[in-house]
Amino acid sequence: MITEEELASILDKYLLGELTSSSLERITDGWTNLTVKFHIKSNEKYYILREYLPSLQRSITVEDIQIELDFVSYLFKHYHLPVVPVIDPPGTFLNNNGHYCAIFSFIDGIKHINTPDNPLRQLWQTIEISRFLGRLHSIDKNNFSFRFNRRTINIVDTKYQLVNCCYEFENDDPHLYKRIRRILDEYTHVIPLIEDEREKIIFEENFEKNLPKGFIHVDIHDENVLFCPNQNKIAAVLDFDDMSFGPFLIDIAMTLCFWCSCGSKFNIDYAKKFLIEYQKARNMPLTNDEWSLLELYCYMTMFHQILFAIQSRDSGRMISETINELILPIEQISQDKLFLKLSEDLR
């Protein structure tokens, strides 16, 4: 974590004001980022410093970070979406431990964290998220001067890794791994087990060739959304550092699983409302290919999150509770055939 002396030096370098002594407050100690809140005495404002944490699961380059920051700034200035642009200067910088950092304005907001034991999900939250996602996906990718081909989710690799590379986790938690394998084996048979990296990419490109594509967030879960304290609307969607270019269906499926789960139950009525409002905001109905693959992508996007959690065990994190929360919605989807009902009602 950055020290007060180091942060004060950065603020002084960019003429951002004087740091209030002892004002550093760690907000999150995330799996991929560390977030610190601080106060500047001269303007009496709070700011957020994000430290990008490298890991075995992802590499971090200054080019990718800059694309993320440019994209968020574009969303804020031209589409007026509730996001938080980086302050400029300084943009990005390196701290003394060699990690990239960026400074953002502080947004006052509330996080509504839904868990199996603490069911906080309300329909207005789900609707707000669906509308944000639809607006994000309606953006014309040709409006950007940069070309961005990064892909953070590979469904073929996710399945291969879960089947062939999780032996330690399987031994440590056989019951949980059995729940994962039941869905993998029964409901993802259209995705083959491929070891060769190039063949994985080729299969995925062909499999997704007819799916609408564009910029996707890939990580809109409870911790990455702030809601206004006194209004039923989004204050800010955070953390675009996993943003990718790929099928909108990845975002749709993952966000649907996160924001239509009420406690330990997947709420079919919320899912219907989510998809209705999303399509309105996108100004384009889901295509036949999106409908036909929606259930599969719910499984695979949650499995991507589960695989990340399993691989993060090396950092000493307790992940069984996290994996249980991630698998609950897709277990219910698989058992109740919910998307057959959804497609019949909404198509």
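Remember, it's a predicted structure, so these values are computed and weren't measured experimentally. (Residues numbered from 1 in each chain as written. Predicted model: local features only at pLDDT ≥ 70, side-chain atom pairs only at ≥ 80, totals over all residues. Heavy atoms only, no water.)

Trainee: With reference to specific residues and values, describe the overall build of the chain.
Mentor: Each helix and strand counted, the chain has 12 helices and 11 strands in total. Radius of gyration (C-alpha) of the chain: 21 Å, near the 20 Å computed for a compact globule of 347 residues. Its C-alpha atoms put the chain at 60 × 45 × 40 Å along the principal axes. Expressed as a percentage of the 347 residues in the chain, the buried residues total 53%. A sequence separation of at least 24 residues applies to 71% of the contacts in the chain between residues at least 6 apart. The centroid of the 36 positive side-chain charges in the chain is displaced by 6 Å from the centroid of its 51 negative side-chain charges. (Helix = DSSP H or I, 4+ residues; strand = E, 2+ residues; numbered from the N terminus. Rg over C-alpha atoms; globule rule 2.2 N^0.38 Å. Buried < 20%, exposed > 50% of the residue type's maximum accessible area, 1.4 Å probe, protein only. Contact = heavy atoms within 4.5 Å. Lys, Arg positive; Asp, Glu negative; His and termini not counted. Charge placed at Lys NZ, Arg CZ, Asp CG, Glu CD.)

Trainee: Run through helix α9 (residues 268–282), naming residues and quoting values.
Mentor: Taking 1.5 Å of rise per residue, the 15 residues of α9 would be expected to cover 21 Å, and the 21 Å separating its terminal C-alpha atoms lies within 8% of that figure. The residue sitting at the N-terminus of α9 and contributing the capping side-chain oxygen is Asn267; that oxygen lies 2.9 Å from the backbone nitrogen of Asp269. (Expected span 1.5 Å × (residues − 1). Polar contact = N/O pair within 3.5 Å; in protein donor to acceptor, adjacent residues only side chain to side chain.)

Trainee: Outline helix α1 (residues 4–13), supporting the account with residue identities and numerical values.
Mentor: Buried within α1 we find Glu6, Leu7, Ile10 and Leu11. Relative to the axis of α1, the buried residues are bounded by an arc of 135° and lie together on one face. Along α1, exposed side chains directed more than 90 degrees from the buried face belong to Glu5, Asp12 and Lys13. Tucked inside the fold, the buried residues of α1 contact β2 (33–40), β3 (45–52), β4 (92–94) and β5 (100–105). Two residues or fewer past α1, Leu15 is found with a positive phi of approximately 55°. (Arc of directions from axis to C-beta.)

Trainee: I'd like a description of unusual backbone geometry, backed by residues and values.
Mentor: Of note, His80 is a non-glycine position whose phi angle comes to about 55°, a positive value. Residue position: His80 is located in the loop between α2 (62–78) and β4.

Trainee: An account of the layout of surface pockets is needed here, citing residue identities and associated values.
Mentor: Space inside the second largest pocket adds up to approximately 260 Å³. Taken together, 15 residues line the second largest pocket, and the ones lying closest to its centre are Tyr187, Ser292, Leu293, Glu295 and Leu296. Among the elements that take part in the lining of the second largest pocket, helix α10 (residues 288–311) stands out by supplying 7 residues, more than any other. (1 Å grid on protein atoms, 1.4 Å probe; cavity = no way out; pocket = protein on both sides within 12 Å on 5 of 7 lines; lining within 4 Å. Points joined across faces, edges and corners; volume = space filled by probe spheres on them.)

Trainee: Please give an account of the packing of helix α8 (residues 248–259) against α9 that cites residues and values.
Mentor: Taken N-terminus to C-terminus, the directions of α8 and α9 make an angle of 145°; their axes are 10 Å apart at the nearest point. For the crossing formed where α8 meets α9, the hand is right-handed. In contact with Phe248, Ile252, Thr255, Leu256 and Trp259 of α8, α9 contributes Tyr270, Ala271, Phe274, Leu275, Tyr278 and Arg282. Within the contact of α8 with α9, the residues separate by chemical class into 9 nonpolar, 1 polar and 1 charged. (Axes fitted to C-alpha atoms, helices over the stretch in contact; angles between N-to-C directions. Left-handed = near helix turned anticlockwise from the far one by under 90°. Nonpolar A, V, L, I, M, F, W, Y, C, P; charged D, E, K, R; others polar.)

Trainee: Quick rundown of the pairing of β2? Include the residues and the values.
Mentor: Within β2, 8 of the 8 residues are buried, leaving the element largely enclosed by the surrounding structure. Bridge analysis of β2 against β3 gives 8 bridges, and the strand direction is antiparallel. Looking at β3, one finds that His39 is bridged to Tyr46. Taking the residues that link successive antiparallel strands as the turn, the β2-β3 hairpin has 4 residues, and the phi of Glu44 there is positive, at about 60°. (Pairing = 2+ DSSP bridges.)

Trainee: I'd like to hear about the packing of helix α3 (residues 123–137) against α8, residue by residue, with values.
Mentor: Two elements in contact, α3 and α8, have axes whose closest approach is 11 Å; the angle formed by their N-to-C orientations is 170°. Classified by the interaxial angle, the pair formed by α3 and α8 is roughly antiparallel. Facing Gln125, Thr126, Ile129, Leu133, Leu136 and His137 of α3, the residues of α8 in contact are Phe248, Asp251, Ile252, Thr255 and Trp259. (Parallel < 35°, antiparallel > 145°, perpendicular 65-115°, else oblique.)

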